[in-house]
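Okay, here's what each chain looks like letter by letter:
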Amino acid sequence: IQLKLANRKHGWEKISSNQLEQLASDRDGLMMQLNDLQEVLETQRVKIDALNGDEGRVQMFSSYCVSIDIPSTLRRGRGADLIVFYQITVSVGNLQWCIERSYAAFRSFHETMMQGGHLPESTSGLFPPFKWFNTKGRAFVEKRREQLTAYMLHVLANLSSNRQHAWHLADSETHLKELVCSQLPFFNPTTCAM
């Protein structure tokens, strides 16, 4: 069996069914390689986005990565005295520390940052609003944890984009941690913020 295919430069060319099968097989192999390369490219893009902060969890200050996460909550007290604390993990390069803060501490931090002009007005709408009732249920606490995480990542991205910020001048991970903790006591592990 022979097929005729149009070729603009060379006119008509005869291709046998074996050659056609070989071309189809080569095409399939190339498509598999292309899919593999696209997968590798996507994995690398995600890593680069994370380092560039597009994913939001990692920001660069000087040559050090800073990340914030709120992986869990902790409940202290009972009944009307129950307070929910959000457990925050802060990483500066290879240094990592954990702090616990209540919603009231987050709100105080937010108000301080807004009043000091450290964040754009658009940030105000990202902060989870105060609620009087039903704030201790697991579903509500989980939703608020997610909202606070998104808010803190936005704060970190804003601080990272401000190249005038002193954090960009840090010459070591320890120096950067000291700057973070001294300029934003909210992140200081020795500060007890309720």
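Undergrad: Just to check I follow, could you spell out the pairing of strand 5 (residues 83-92) for this structure?
TA: Consecutive side chains of a regular strand alternate in pointing toward one face of the sheet and then the other. Within strand 5, eight of the ten residues are buried, leaving the element largely enclosed by the surrounding structure. Two strands pair when backbone bridges link them, and strand 5 and strand 6 (residues 95-102) are joined in this way by eight bridges, in the antiparallel orientation. Looking across to strand 6, one finds that Gln87 is bridged to Glu100. Linkage of strand 5 to strand 6, two consecutive antiparallel strands, is achieved through a turn of two residues, within which Gly93 is found at a positive phi near 60°.

Undergrad: Help me understand the pattern of salt bridges in this model?
TA: Any two side chains of opposite charge can pair, so long as their charged atoms come close to each other. For the structure on display, the rule yields four salt bridges. A salt bridge links Glu142 to Arg145; its shortest N-O distance comes to 2.6 Å. Highlighted residues: Glu142 and Arg145, both in helix 3 (residues 138-161), separated by three residues, approximately one helical turn.

Undergrad: Would you mind showing me how to read the side chain of Arg144 here?
TA: Relative to the helices and strands, Arg144 is located in helix 3. One buried charged side chain, Arg144, makes no salt bridge at all; its nearest oppositely charged neighbour is Glu146, positioned 12 Å away.

Undergrad: Can you help me understand helix 2 (residues 103-115) in this one?
TA: Every α-helical turn comprises 3.6 residues, leaving residues that sit three or four positions apart pointing alike. Here helix 2 spans 18 Å end to end across 13 residues, near enough to the 18 Å set by a 1.5 Å rise per residue. Buried within helix 2 are the following residues: Tyr103, Ala105, Phe106, Phe109, His110, Met113 and Met114. Looking straight down helix 2, one finds its buried side chains confined to an arc of 165°; they lie on one side.

The rules we used
In this numbering scheme, every chain counts its residues from 1 along its sequence in written order. The predicted nature of this model means local features are confined to residues of pLDDT at least 70 and side-chain atom pairs, given and counted, to a pLDDT of 80 or more, with totals for whole chains, interfaces and linings taken over all residues. Derived side-chain values reflect all non-hydrogen atoms in the structure, with water molecules and hydrogen atoms excluded from consideration. With a 1.4 Å probe rolled over the protein chains alone, any residue whose accessible area is under 20% of its type maximum counts as buried; one over 50% counts as exposed, and the rest are partly exposed. Only DSSP runs of H or I with at least four residues qualify as helices, and only runs of E with at least two residues qualify as strands; both kinds are numbered from the N terminus onward. Two strands are said to pair when DSSP picks up at least two bridges between them. Take a side-chain nitrogen of Lys or Arg and a carboxyl oxygen of Asp or Glu: if they are within 4 Å of each other, that pair is a salt bridge. In this tally Asp and Glu are treated as negative and Lys and Arg as positive; neither His nor the chain ends contributes. What a helix is expected to span follows from its residue count: subtract one and scale by 1.5 Å. Arc, as used here, means the arc of the directions from the helix axis to the C-beta atoms.

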